[in-house]
Amino acid sequence: MFLNNAWYVAELSSALGTGLVSVRVLGQSLVLYRLSDGSVAALEDACPHRKLPLSMGRRRGDLVECGYHGMTFDAAGRCLRVPGTQPIPETARVRSYPAVERQGFIWVWMGAPERADPATIFDIEHWDHPEWGRTEPDAMVVRCSYLHITDNLLDPTHVAWVHPSSFGDQACEQTPLQTVASSIGVVVSRWMLGVEVAPFYAPYVRFAGRADRQQHYEVRFPSHACIRAVFAPAGSAGTASVEAHPDTFLMDSYNFMTPIDERTTRYFWVQTRNFAPGDAIVSSQFAASVRAAFEEDKVVLEAVQIGIENARSPLQPLFIDAGPARFRRELQRRIEAESNADG
Ligand SMILES: [Fe+2]
């Protein structure tokens, strides 16, 4: 089950050129294409005649022509042409999805179109900030439920075991977590005081010696995360200006999970940082290291999916599951409320 009345990332902006792009979101096939005014159209990827994917057809300006018998549709899903048939049948149409391109991603609204409000799309806070750098948005397919990824992104402890050579260090094993739930999602965070700077961050931190480190893991409904890493000179944690301190390292890792189906997820991400704006070398180093770390997550989460599917005994909950469990409960409540309202 999925939350339908929500925005999901359908594709990277960079993947949408002049052609037709087929994607799967919440078990539905969509065809994306760019209109002549630069905006993006998203249609059900199935011609109503024989259900051939429209993505196998051709662009005709801002229209899409089916590759089987030439039925032609506009960006609103209306059929404008059926070769050999007049008049055009009333029922000859395809579903059109609200689509918005923003900050490197194509977002689609999977619920009732009249409820789609682009103002509720997850904002990448420092995307255009002149003093912040960013990586190129990227993506991978992970063969697990999106909920295993939201669990992982509300679990700051896993870096100690899954990412020991990049994000993790020993302090990540023991320091207790704080969990805060709100109307938009759940935040799990902690400060670790006087720690070494973990390997991923060490080359970029501007001060010598030990650090106060904050892990701030936030996931918003339905499945969108911002993971903030803070490294400040030891002793500055908890001060009001810690994030504004000139030596403080800040990195925001945005993670947007799009369920392809119940057990497959397209995982999109981009990172911003409070230094080296426009530095392509730093950006490509970040991008490569992040991808390598997310490949470590992928190995674990795909095996967890199979492990849970084949479980022969109940899962053993731990204290560290408080944030993920809270998120799952509230999301499930929203999904049920939505399906009751629809039913
Ligand atoms: Fe991870």
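Residues numbered from 1 in each chain as written. Predicted model: local features only at pLDDT ≥ 70, side-chain atom pairs only at ≥ 80, totals over all residues. Heavy atoms only, no water.

Engineer: When you look at the coordination of the iron ion in this model, what are you seeing that I'm missing?
Structural biologist: Every protein donor of the iron ion is listed here as His158 (NE2), His163 (NE2), Asp297 (OD) and Asp297 (OD), and their distances to the metal cover 2.0 to 2.4 Å. Taken together, the four donor atoms coordinating the iron ion and their angles of 57 to 150° define a geometry best described as irregular. Sequence positions of the donors to the iron ion reduce to the motif H-x4-H-x133-D. Residue His163 is found in the loop between helix H2 (159-162) and helix H3 (171-174), and its partner Asp297 is found in helix H4 (residues 280-309); the two are separated by 134 residues along the sequence. Just as His163 is buried, Asp297 falls in that class too. (Donors = N, O, S within 2.8 Å, 3.2 Å for Na, K, Ca; no water. Tetrahedral: all angles 85-135°; square planar, octahedral: opposite > 155°, others 65-115°. Helix = DSSP H or I, 4+ residues; strand = E, 2+ residues; numbered from the N terminus. Buried < 20%, exposed > 50% of the residue type's maximum accessible area, 1.4 Å probe, protein only.)

Engineer: I tried to follow the layout of surface pockets on my own but got confused; where do I start?
Structural biologist: In this approach, a probe sized like a water molecule rolls over the atoms, and the result shows the empty space that is left. In this structure, the largest pocket occupies an estimated 620 Å³ of space. Taken together, 18 residues form the lining of the largest pocket, with His148, Asp151, Val304, Ile308 and Asp321 sitting closest to its centre. Elements with a minimum of two residues in the lining of the largest pocket: helix H1 (146-152), H4 and helix H5 (322-342). Grouping the constituent residues of the lining of the largest pocket by class yields ten nonpolar, four polar and four charged. Considering only enclosed or pocket space, the second largest pocket measures out at about 530 Å³ in volume. Residue lining of the second largest pocket: 23 residues in total, with Leu3, Asn5, Ala6, Phe221 and Arg334 positioned closest to the centre. Among the secondary structure elements, those contributing two or more residues to the lining of the second largest pocket are strand S11 (105-109) and H5. Ranked by the residues each element gives to the lining of the second largest pocket, the list is headed by H5, at five residues. The residue inventory of the lining of the second largest pocket, partitioned by class, reads twelve nonpolar, four polar and seven charged. (1 Å grid on protein atoms, 1.4 Å probe; cavity = no way out; pocket = protein on both sides within 12 Å on 5 of 7 lines; lining within 4 Å. Points joined across faces, edges and corners; volume = space filled by probe spheres on them. Nonpolar A, V, L, I, M, F, W, Y, C, P; charged D, E, K, R; others polar.)

Engineer: Where do I start with H4 in this structure?
Structural biologist: What sets the pattern is the α-helix's 3.6 residues per turn: residues three or four places apart point alike. Here H4 spans 42 Å end to end across 30 residues, near enough to the 44 Å set by a 1.5 Å rise per residue. Turning to H4, its buried residues number three or more, namely Val282, Ser283, Phe286, Val290, Ala293, Phe294, Asp297, Lys298, Leu301, Glu302 and Gln305. Put simply, Asp279 is the residue that caps the front of H4, since its side-chain oxygen is 3.0 Å from the backbone nitrogen of Ile281. (Expected span 1.5 Å × (residues − 1). Polar contact = N/O pair within 3.5 Å; in protein donor to acceptor, adjacent residues only side chain to side chain.)

Engineer: Honestly, the packing of aromatic side chains in this entry has me stumped. Any pointers?
Structural biologist: Aromatic ring pairs are reported here in terms of the distance separating the ring centres and the angle at which the planes meet. In total, this model carries 23 aromatic pairs according to the counting rule given. Relative to Phe286, the ring of Phe275 lies with its centre 6.1 Å away and its plane at 65°, an arrangement referred to as edge-to-face. Of the two residues, Phe275 sits in the loop between strand S19 (264-273) and H4 while Phe286 sits in helix H4, which places them eleven residues apart along the sequence. Like Phe275, the residue Phe286 is buried in the burial classification. Three or more aromatic residues joined by ring pairs form one cluster here, namely Phe167, Phe200, Tyr201, Tyr204, Phe231, Phe249, Phe275 and Phe286. Against the face of Phe122 rests Arg220, its NZ or CZ located 4.1 Å from the ring centre. Here the basic side chain of Arg273 rests over the ring of Phe286, its NZ or CZ set 5.5 Å away from the ring centre. (Phe/Tyr/Trp six-rings, centres within 6.5 Å; stacked < 30°, edge-to-face > 60°. Lys NZ or Arg CZ within 6 Å of the ring centre and 35° of its normal.)

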